[in-house]
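# Coordinate analysis (summary)
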Amino acid sequence: MKSLPEHVRQIVNEIETEIGDDPGGAIERVPLGGPENGRVEAAVREILAEIGEDPDRPGLVGTPDRVHRMYTELTAGYHVDPARLVNNAIFDVDYSEMVIVKDVPFYSLCEHHLLPFFGSASVAYIPRGRVIGLSKIPRIVEMYARRLQIQERLTQQIADFIQIQLEPQGVGVVLEATHLCSVMRGVRKPGTVMTTSAVLGLFRSRDKTRAEFLAHLERRPPGA
Ligand SMILES: [Zn+2]
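Caution applies to low-pLDDT regions: their predicted coordinates should not be interpreted in detail. Chain-level statistics for the protein give a pLDDT mean of 89 and a share of 88% at 70 or above. For the protein, helix α1 (residues 6-16) is the element with the lowest average pLDDT, namely 88, and strand β5 (residues 148-149) is the one with the highest, namely 98. Considering only residues more than four positions removed or in separate chains, one finds that residues 22-33, a stretch of pLDDT under 50, has 21 contacts.

Here it is in structure tokens:
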């Protein structure tokens, strides 16, 4: 297993396993902060100086270290092992109706600006004899969201992962997100939401299936 700072290893473990799960082997403990070569810290100091700040003033002294830790946490998804994530959670069932998990919150980082984009994901599939544990869907979203992303690719990766793991009759994924790189810069348009979708199998080929999926997305859950 790769050497990861402890705080990142914890996040990876949370995505891969559930409370009570056997984490599957000893977890390697490495000191907080991980391998310290100081490159990120030095780079952040450069940025601070370049924008006209004093990296040595009290409020900023700890910033390079915090930024380094933060980025390793926000990109912990690169270290998630998909096999551990799905471990023991794929079940054979005689069920072939649509399964939908709606409004899964996610936070990701735009790879063009390293600024957050965030929103919610809805994931649906039509099983072909196999389903995945409900709690795994948010973890799949998390595994791909905690990376440098563009929303289109994040959407597609979630769909492809379910396709490969379950070989279902179809998969549909819709993401709605606000991008800080869009709302914080230039003309201010708070509330601008980008929607992306990826559809495979029946969700792509059959209008009725796609329409059923979209109708489900519009329906509010009981009590909401
Ligand atoms: Zn951006």
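Note: strand β2 (residues 99-110) against strand β3 (residues 116-126), nine bridges, orientation antiparallel. Of the residues in β3, the one forming a bridge with V99 is Y125. The turn joining β2 and β3, which pair antiparallel and follow one another in sequence, is formed by five residues; a positive phi near 55 degrees is taken by L114.

A word on the coordination of the zinc ion. Coordination sphere of the zinc ion, protein contribution only: C110 (SG), H113 (ND1) and C181 (SG), at 2.1 to 2.3 Å. We note that the donor set of the zinc ion lies within a single chain, spaced as C-x2-H-x67-C. Highlighted residues: H113 in the loop between β2 and β3 and C181 in helix α7 (residues 180-183), separated in sequence by 68 residues. Its relative accessible area of 36% is what places H113 among the partly exposed residues. Judged by relative accessible area, C181 falls into the buried class, the value being 10%.

Further remarks concern the environment of P116. On the secondary structure map, P116 appears in strand β3. Under the relative-accessibility criterion, P116 is labelled partly exposed at 28%. Sequence separation between P116 and A177 is 61 residues; the distance between their C-alpha atoms is 9.9 Å. Dropping the residues within four chain positions of it, P116 is found in contact with S108, L109, T178, H179, L180 and C181.

Reading guide: rules and limits
The residue numbers shown here count from 1 along each chain, following its written sequence. In view of the model being predicted, local features appear only for residues whose pLDDT reaches at least 70, and side-chain atom pairs are presented and counted only at 80 or more, with totals across whole chains, interfaces and linings using the full set of residues. Side-chain metrics rest on all non-hydrogen atoms present in the structure, leaving aside hydrogens and water. The pLDDT value tells you how sure the predictor is about a given residue, anywhere from 0 up to 100. In this text, helices come from DSSP runs of H or I with a minimum length of four residues, and strands from runs of E with a minimum of two, each type numbered from the N-terminal end. We call two residues contacting when some pair of their heavy atoms lies within 4.5 Å. By this definition, two strands are paired if DSSP reports at least two bridges between them. Counted as donors are the N, O and S atoms within 2.8 Å of the metal, or 3.2 Å for Na, K and Ca, while water is not among the atoms, so some sites may look incomplete. For the exposure calls, accessible area comes from a 1.4 Å probe over protein chains only, and a residue counts as buried if that area is under 20% of its type's maximum, exposed if over 50%, partly exposed in between.

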